[in-house]
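Chain by chain, the residues:
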Amino acid sequence: MADDTRFAQYQRLEPRTRPDRHGGSLEDALAATVADPLFLLARQWQLAEFQGEDGGSPIASRLTTEATPISRFRPGETGDLVDLPTDRPLEHLVEHGTDLGLTVRETARCGLRFLTMLGPVPDQAVDDVLASCPLPDAGIHARDTAGQSLHRVLAARAPDAVALARRLREGWQPSGLAGDQVGRFRDTAKRWLAWFAAEHPGAGKACWVSERLEHRFSLGASFPGQEVGLTVPEFSGGRVEGYHFDIDLRPGRGLGAAPKLVESPETRTLATRAGYPGMPAERWWEFEDDTVNLPAINAGPVDLARLLLVSFANVYGNDWWIIPVDLKVGLLHRIKSLTVTDTFGDEVDIEPTDLVHEDGWSVFRLTDAVTGRPGPAWLPLPPTAGHLVEGPPVEEVMFVRDEMANLGWAIERVVQGATGRPRPRHTETPEPEAVQLSADALTYRLETPVPEHWIPLVAVPLRPGSDAVKFRRGRIPRFDEHGVRLEPVLPAGRILERTDGPVMFRDEEISRAGVHVTRTPVLTRWHGGGVFGWTSRRAQTGQGEAASNLQYDAAIPPRTVTG
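Residues numbered from 1 in each chain as written. Predicted model: local features only at pLDDT ≥ 70, side-chain atom pairs only at ≥ 80, totals over all residues. Heavy atoms only, no water.

(A) Inspection of the overall build of the protein at higher detail. When its secondary structure is counted, the protein shows ten helices and 28 strands. When each of the 563 residues of the protein is scored for burial, the buried share is 37%. Put simply, 70% of the contacts in the protein that link residues at least 6 apart link residues at least 24 apart. Approximately 33800 Å² of the protein is accessible, and the part contributed by carbon and sulfur atoms is 53%. (Helix = DSSP H or I, 4+ residues; strand = E, 2+ residues; numbered from the N terminus. Buried < 20%, exposed > 50% of the residue type's maximum accessible area, 1.4 Å probe, protein only. Contact = heavy atoms within 4.5 Å. Areas by Shrake-Rupley, 256 points an atom, 1.4 Å probe, with all protein chains shown as cover.)

(B) Structural detail: the nonpolar core. Formed by 22 residues in total, the largest nonpolar core has its most connected members in Phe114, Leu164, Leu168, Phe185, Trp192 and Phe196. Mapped onto this core, the elements with two or more residues apiece are α4 (104-118), α5 (123-132), α7 (161-169) and α8 (180-199). If you tally residues by element for this core, the top one is α8, at seven residues. Leave out the neighbours within four places in its chain, and Trp192 touches Cys110, Arg113, Phe114, Met117, Ala161, Leu164, Ala165 and Leu168. Listed in part, the 21 residues of the second largest apolar core include Phe217, Phe223, Val232 and Val240. (Core = buried A, V, L, I, M, F, W, Y, C linked by side-chain atoms within 4.5 Å.)

(C) Up close: the pairing of strand β26 (residues 531-541). Relative to β26, strand β25 (residues 515-525) runs antiparallel, the two being bridged by eleven bridges. Among the inter-strand pairings, Val515 is bridged to a residue of β26, identified as Thr541. In this antiparallel pair of consecutive strands, β25 and β26, the connection spans five residues, and Gly528 shows a positive phi of 105 degrees. (Pairing = 2+ DSSP bridges.)

(D) How the structure looks around the packing of α4 against α7. For the pair α4 and α7, interaxial distance at closest approach is 8 Å and the crossing angle is 45 degrees. On the basis of the axis angle, α4 is oblique to α7. Contacts between α4 and α7 involve Thr107, Cys110, Gly111 and Phe114 from the former and Ala161, Val162, Leu164 and Leu168 from the latter. Residue composition of the contact of α4 with α7, grouped by class: six nonpolar, two polar and no charged. (Axes fitted to C-alpha atoms, helices over the stretch in contact; angles between N-to-C directions. Parallel < 35°, antiparallel > 145°, perpendicular 65-115°, else oblique. Nonpolar A, V, L, I, M, F, W, Y, C, P; charged D, E, K, R; others polar.)

(E) Structural detail: the pattern of salt bridges. As enumerated under the stated definition, the model contains 26 salt bridges in all. The closest approach of N and O atoms between Arg250 and Asp248, which form a salt bridge, is 2.7 Å. A salt bridge links Arg519 to Glu395; its shortest N-O distance comes to 3.0 Å. Here Arg519 is found in strand β25, whereas its partner Glu395 is found in strand β17 (residues 395-402), with 124 residues between them in sequence. Given the relative accessible area of 1%, Glu395 is considered buried. Connected through shared salt-bridge partners, Glu211, Arg212, Arg506, Glu508 and Glu509 make up one network. (Salt bridge = Lys/Arg side-chain N within 4 Å of Asp/Glu carboxyl O.)

(F) Inspection of unusual backbone geometry at higher detail. Even without glycine at this site, Leu213 takes up a positive phi of about 55 degrees. Within the secondary structure layout, Leu213 lies in the loop between β4 (208-209) and β5 (214-223). By relative accessible area, which is 6% here, Leu213 ends up buried. For Asn406, which is not glycine, the phi torsion reads 55 degrees and is therefore positive. Secondary-structure assignment places Asn406 in the loop between β17 and β18 (407-416). Judged by relative accessible area, which is 67%, Asn406 ranks as exposed.

The structure is reproduced here in structure tokens:
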């Protein structure tokens, strides 16, 4: 009678090493030393390499998928529904409507292009164009010396492209044109307006939610009898990936997409074992890849996640197989059937994991937006950019907390100047504030000064009567040496919105770690050869708390301070 208490196979070895004259270590037990042929055979027997198994390995597979078009788009949470365009990447559609203001350099470049396309015309017509559409200087910051110099150079040579486009759409034409020059001007205006509209598309509903410091948008699709909403509640910028989406199956979440089923032909292919760098070899004497050394990972008794990862990689890492399949972009895909043929010739129908595991176990599934549990086994492939070429950020804002001052701060580290290039704000020369102090007494100050690019964030109630708070963009009062109140300092960049109205930020979005928000120029090429450029807003984890050294009711020693 067989002894059921005996084990004929080991999953892993856990040797017990006792101290010896060398101090005791695991090196001797883990080293694959060679003693004699019998030792080699014993090691292989110990690792169950001689034991046969009845399980077959997959050698062929048949896979059938079906899909439905992703055809609807909604910017933000309450934006207007539109058909999802296929002539541009989704990232451009999501982010281009946020930053549409042109710099002095860009508006002058577009205006000069119009004069170049116009060709030879009387000087009176050119002067009339420059006088009717002067290059603006109202948006140039007082500390942007490079932008002011550029404006002085270009003001007499280039018109304002935005004002010119508006006037040309109204049918305006300059004086001094005669004969065929009028027809040539109208033809040039038509061609230039078409180019300008393609180069700088009009403003759409922005997906950027300023108080949340993130993008939000939704896509809609519909299988026959089942509407599907693909929501992106927290998109921090960059490339749109499949894991950004949540699935919403409630009625109406398909955003009015027409039901349609697209069936793909059956795919017959070979299954390939999944691998990864440092994957343990199946046989004891097989050399392993040294790219990643999993046994060298240190984990303490409470590092359960790290221990589970190492255990899974060493014990169950070679139990996974990959079946490559080509899928079309712009569709929401799902697997209709999967049949695997093993080495014994048996065909096995593979069912979804949610039908096999009652606890809802799954891998790489989108989250159900309502229940928070894994959703159906669907894969969205929206028309996203393949590769993004990015430049250095043209604007950086650090959202931080200052516990000593009991405030939050939005620190404008870099803003975009009128030249289009990034301009560090910490290098600005502050306005002189000379305070004549008494020679024999302390001078009282209500509050100490802070740099102008430190914008305060004041905690206010989230709603009337609520204990929860949110941050409101505030202003530091400024006074001259005579006590006259000066004009408040507004943000120089676009992230903090150059408006006089209230600008709010949610308290839970600005943690103690802070938030680092940037505006980064992006360029990509779409199929067909088209090039799309826009400015992408990115939100990342910050660098912790900050100290502004703001003090109230300060007594300053008797000396003269300039700061």
